[in-house]
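Below are the chains, spelled out letter by letter.
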Amino acid sequence: MNKYQKSIIFWLAILLVASLAGILGSQIIAPWLAGLPLAEKINWPGKAKETTTIVNRTEKIYLTEDLAYQESIGRVLNSVVYLRAEKSGKKLAESVGFILTSDGLAVASDGAAIKGATDFILTRENKEYPAQLVKEENGAALFKIAENNLPVVSFGEVSNLKLGERIFLPGANITGGVFSKFVLTGFVKTLAPTTSFSLGEKMVLTGEPVINFQGEVLGIALADKDGNVILVGAEKIRELMK
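In this text, all values refer to a predicted model and were calculated from it rather than measured experimentally.

Participant: What's the story with the environment of S154 in this structure? I'm lost.
Facilitator: Structurally, the position occupied by S154 is in the loop between strand 6 (140-144) and strand 7 (166-175). S154 gets classed as partly exposed once you look at its relative accessible area, which sits at 49%. The sequence separation of S154 and V76 amounts to 78 residues, and the corresponding C-alpha distance is 8.6 Å. Those residues in contact with S154 that lie beyond four places of it in its chain are G215, E216 and V217.

Dropping the structure here:
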């Protein structure tokens, strides 16, 4: 074997050893070192471990939040209704509302309890029910339909709301004779003297349930004379139910 061949074999051996060392270091030694408490004080393994964990954790948080939003909104959408007030077949007023009790008690904005109306029709999941106005107060009105085993919502505490907190307004409408559902999103704008919201788009109707991240209903949404979206709190609805 001449000198040239020996040189080639020598460098190939070095490359092989280096490759094996790299594999051994990245697949066995580095993960083992990263798991040691001491690794937090060492720049390269500590930082590698931290970066990988943060990326995975962020992806999981986004996924979890998306699913939580969908589940929370979906639960309330099952209870959402559309209510219209009529006289001699002519629509006088309309509102979004939602089911309060499984035996057919529902709440909507008091705009649906317009004077002069002779008939109230509540629509849920493409089924219409004749509704009876029970009472109205503080911006909300109670209606009753003859139905049982209806899905109901859970109330949350308005006092737990924080400025900038994200909220959702699930609702329903009838457009072109078709019952459809929608969701508005927004943030808490003010807490005092009244609770108001900043929405991403203009409200078409009022009476939507305002829900938090957990899917708890905080009250119903109304529009004041200046067009601000304000809240009739859950405590007022509970009082109305007594």
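Participant: How should I be thinking about the nonpolar core in this particular structure?
Facilitator: Nonpolar side chains in soluble globular proteins tend to end up buried together. With 25 residues, the main nonpolar core has F98, L100, V107 and I220 as its most contacted residues. Those elements giving two or more residues to this core turn out to be helix 2 (43-77), strand 1 (80-87), strand 2 (90-99), strand 3 (105-109), strand 6, strand 7, strand 11 (217-223) and helix 3 (234-241). Per-element accounting of this core gives the leading share, four residues, to helix 2.

Participant: In this structure, what is going on with the sheet that holds strand 3? I would like to understand it.
Facilitator: Consider a sheet: its strands pair through backbone hydrogen bonds, and that pairing is either parallel or antiparallel. Spatially, 1-2-3-6-5-4 is the arrangement adopted by the six strands of the closed barrel, whose pairing is antiparallel. Across the sheet, the mean angle separating the axes of adjacent strands is 40 degrees when strand polarity is ignored. The pairing of strand 2 with strand 3 spans three bridges and is classified as antiparallel. Note that in strand 3 the partner of F98 across the bridge is V107.

Participant: Honestly, the side chain of E208 in this entry has me stumped. Any pointers?
Facilitator: Mapping E208 onto the fold places it in the loop between strand 9 (196-199) and strand 10 (209-211). For E208, which is buried and forms no salt bridge, the nearest opposite charge comes from K202, at a distance of 12 Å. What E208 contacts, discounting residues up to four positions off in sequence, is V96, L169, P170, G171, F182, L184, M203, G219, I220 and A221.

Calculation notes
- Residues numbered from 1 in each chain as written.
- Predicted model: local features only at pLDDT ≥ 70, side-chain atom pairs only at ≥ 80, totals over all residues.
- Heavy atoms only, no water.
- Helix = DSSP H or I, 4+ residues; strand = E, 2+ residues; numbered from the N terminus.
- Buried < 20%, exposed > 50% of the residue type's maximum accessible area, 1.4 Å probe, protein only.
- Contact = heavy atoms within 4.5 Å.
- Core = buried A, V, L, I, M, F, W, Y, C linked by side-chain atoms within 4.5 Å.
- Pairing = 2+ DSSP bridges.
- Axes fitted to C-alpha atoms, helices over the stretch in contact; angles between N-to-C directions.
- Lys, Arg positive; Asp, Glu negative; His and termini not counted.
- Salt bridge = Lys/Arg side-chain N within 4 Å of Asp/Glu carboxyl O.

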